[in-house]
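# Breakdown of the fold
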There are 2 protein chains.
Amino acid sequence: MNNEVVYPKNTSKSVTARALAVLGAFNVSEPSLTLSQLARIAGLPIPTVFRFAGELEEGGFLDRDDAGRYSLGVKLWEMGLLTPVHGHLREIAMPFLLNLQYDCREIVQLAVRDGVDAIYVEKLTSEESVPVQSRIGARIPLHATGVGKVLLAYSPESFIEVVMAMQLPRYTPETQTNKRALAKDLAVIKAQGYAKSHQEYLVGSTSVAAPVLVNGVIRASIGIVNYAAREDLDTFAPSVLRAANALGRRLEEIES
Amino acid sequence: MNNEVVYPKNTSKSVTARALAVLGAFNVSEPSLTLSQLARIAGLPIPTVFRFAGELEEGGFLDRDDAGRYSLGVKLWEMGLLTPVHGHLREIAMPFLLNLQYDCREIVQLAVRDGVDAIYVEKLTSEESVPVQSRIGARIPLHATGVGKVLLAYSPESFIEVVMAMQLPRYTPETQTNKRALAKDLAVIKAQGYAKSHQEYLVGSTSVAAPVLVNGVIRASIGIVNYAAREDLDTFAPSVLRAANALGRRLEEIES
DNA sequence: ATATTTCTTTTCACTGAATGAAAAATCTCG
DNA sequence: CGAGATTTTTCATTCAGTGAAAAGAAATAT
């Protein structure tokens, strides 16, 4: 008589990796999830997720509302603040961005490179209606925006080659997907010290961006954008440059 | 012959809790740690932390620099952005804060209540030299600051009683630690719709704060502060009120 | 240059903690 | 109120985590 229960092989992942998968289930369009959704997205059995979620909630990594829906917890937000990208860059950059915003009243952006794309670390806009363009944390291509091209232009030659070797997606008719043309763009940017971009990513958008150099090494990029096809945006180029330079100097000062 | 090795009892905590303890080892003053420090602070054996740290790094939750020092990873920052406090509050509030900053050029703060204290969700200042007062993410008492007292004043009576029953720490000679006097303060705040605070937390600081009400329920508090004993700060009270009201209305609109 | 200390990484015998099917409890909605 | 979906508990089973010890690297002193 064979009444033994079959316990299927525990698939690959470590306990820690599974727990993290639960946190990883959330994303911008689904910032709040039920237990079953969580389990489905994380690819784990419901009781397992139930256990993890309980522990994560305990630690403040997850929140659970009255309806039983989970969302990421305040603890994660607090930890994010301890991250170098926030604590060491955004925090220091903020006054410079604010003053730039004050000067030109355009959308101000701060971006860094992460892997082969750029991430918006901060975006300041006084427009109350939220245009979902360029959320903070959003990843954008290096070859098709002002801040992106600046980050690329000042990167080491070896890295530029890696990016050039990739398939460069086209977003608008103006996107530079031709490697030779892009290389020329980058040269121009380095020559004049800042980048102009005209609807290369989004039709109607124009941007001006400058590098934040710390002891000559690119650290971030500051830019202003206008989505309403404003042609004379580069009258603000000196302001953008001033902000980027000042931030670079401030960072040098702090790190010395 | 007894040569058996003694394997001591595995102390209490679950695997997940231990992994999270590793992340929890970081804090504002120690945003970057070596393996040994990490192990000491987390209270775990080095090899255990070594294993965890490897997995956490794998998932982007930790970063390791060339010197081998660990810091919290970009993934955590990205997750923090998905948190309701950022995605649903800070993001929407930002333009209102920015415009308020534009109007009065004072330090602008956005705070929410979390447990029995307030947390700064955003702080805008155009001052480039960083006064470490009120970091974003910092917890501040409810009874001794402008934004705190507003959050308290508009909280349910039952919660106010809980806070009143606590020992209210004194920070300056002006701090309201007397329960009766504090209750009167709160009544005044509700009557006039905003709070004034004069060096109750830090000598020399003055603040004005107003509630962000969503369908009549307190959600956050917006304030301006000046650390240079500026007496006439309340000339900006109408601006602060306008910003807080506008944000409240915007949130109602979005949530309907 | 060499010894000493400190920190990081690997190994491995051992077991405690995680697992998930199944059942029970609870919630939802026609 | 009953059928279906979702959440929570239970529990027999075993697999993944454990941390002492030793080896390997770095940093620091002699």
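Residues numbered from 1 in each chain as written. Chains lettered and ligands numbered in written order. Predicted model: local features only at pLDDT ≥ 70, side-chain atom pairs only at ≥ 80, totals over all residues. Heavy atoms only, no water.

Going by an unreviewed UniProt entry, chain A carries the name DNA-binding IclR family transcriptional regulator and comes from Alpinimonas psychrophila.

Around DNA strand D there are 19 residues in total, and Val15, Ser36 and Phe50 of chain A together with Thr48 and Arg51 of chain B lie nearest to it. Backbone sugar and phosphate groups make up 78% of those atoms of DNA strand D lying within 4 Å of the protein. One of the side-chain N or O atoms of Arg64 of chain A is found 3.1 Å from a phosphate oxygen in DNA strand D. Broken down by secondary-structure element, the contributors of at least two residues to the surface near DNA strand D are α2 (35-42) and α3 (46-58) of chain A together with α1 (15-24) and α3 (46-58) of chain B. The greatest single-element share of the surface near DNA strand D, amounting to four residues, is contributed by α3 of chain B. Residue classes in the surface near DNA strand D are distributed as 10 nonpolar, six polar and three charged. (Near = heavy atom within 4 Å. Polar contact = N/O pair within 3.5 Å; in protein donor to acceptor, adjacent residues only side chain to side chain. Helix = DSSP H or I, 4+ residues; strand = E, 2+ residues; numbered from the N terminus. Nonpolar A, V, L, I, M, F, W, Y, C, P; charged D, E, K, R; others polar.)

The two copies are related by a screw motion: chain A maps onto chain B through a turn of 180° and a shift of 0.0 Å along the axis, at an RMSD of 0.0 Å. In symmetry terms, the pair is related by a two-fold rotation axis. Taking C-alpha positions as reference, the residue of chain A nearest the rotation axis is Gly80 of chain A, located at 2.7 Å. Of all interface residues in chain A, 100% are interface residues in chain B too; the two copies therefore contact each other through one and the same surface. (Least-squares fit on C-alpha atoms with pLDDT ≥ 70 in both. Contact = heavy atoms within 4.5 Å.)

Listed by partner, the interface residues are 59 residues for chain A and 59 residues for chain B. Summed over both partners, the interface of chain A with chain B buries about 4,900 Å², with 66% contributed by carbon and sulfur atoms. Sorting the residues of chain A by area buried against chain B places Trp77, Leu82 and Tyr102 of chain A first, and these three jointly supply 15% of that buried surface. In this assembly, chain A and chain B are joined by four salt bridges. Our count for the chain A to chain B interface comes out at 14 residue pairs in polar contact (both at pLDDT 80 or more). Contributing elements (two or more residues each) for the side of chain A that touches chain B: α1 (15-24), α3, β3 (70-72), α4 (74-82), α5 (84-104) and β5 (117-124) of chain A. (Buried area = accessible area lost by both parts, 1.4 Å probe. Salt bridge = Lys/Arg side-chain N within 4 Å of Asp/Glu carboxyl O.)

Glancing now at the packing of α5 of chain A against helix α5 (residues 84-104) of chain B. For the pair α5 of chain A and α5 of chain B, the least separation of the axes is 11 Å and the interaxial angle reads 60°. Comparing the axis directions of α5 of chain A and α5 of chain B gives the class oblique. Crossing handedness for the pair α5 of chain A and α5 of chain B: right-handed. Residues Arg90, Met94, Leu98, Gln101 and Tyr102 of chain A of α5 of chain A lie in contact with α5 of chain B, whose contacting residues are Arg90, Met94, Leu98, Gln101 and Tyr102 of chain B. (Axes fitted to C-alpha atoms, helices over the stretch in contact; angles between N-to-C directions. Parallel < 35°, antiparallel > 145°, perpendicular 65-115°, else oblique. Left-handed = near helix turned anticlockwise from the far one by under 90°.)

Thr48 and Arg51 of chain A together with Val15, Ser36 and Phe50 of chain B are the nearest of the 19 residues found near DNA strand C. Of everything in DNA strand C that lies within 4 Å of the protein, sugar and phosphate atoms constitute 78%. A distance of 3.4 Å is found between a phosphate oxygen of DNA strand C and a backbone nitrogen or oxygen belonging to Leu35 of chain B. A distance of 3.1 Å separates a phosphate oxygen of DNA strand C from a polar atom in the side chain of Arg64 of chain B. Elements supplying a minimum of two residues to the surface near DNA strand C: α1 and α3 of chain A together with α2 (35-42) and α3 of chain B. Broken down by element, the surface near DNA strand C gets its largest block of residues, four residues, from α3 of chain A. When the residues that make up the surface near DNA strand C are grouped by side-chain class, the tally is 10 nonpolar, six polar and three charged.

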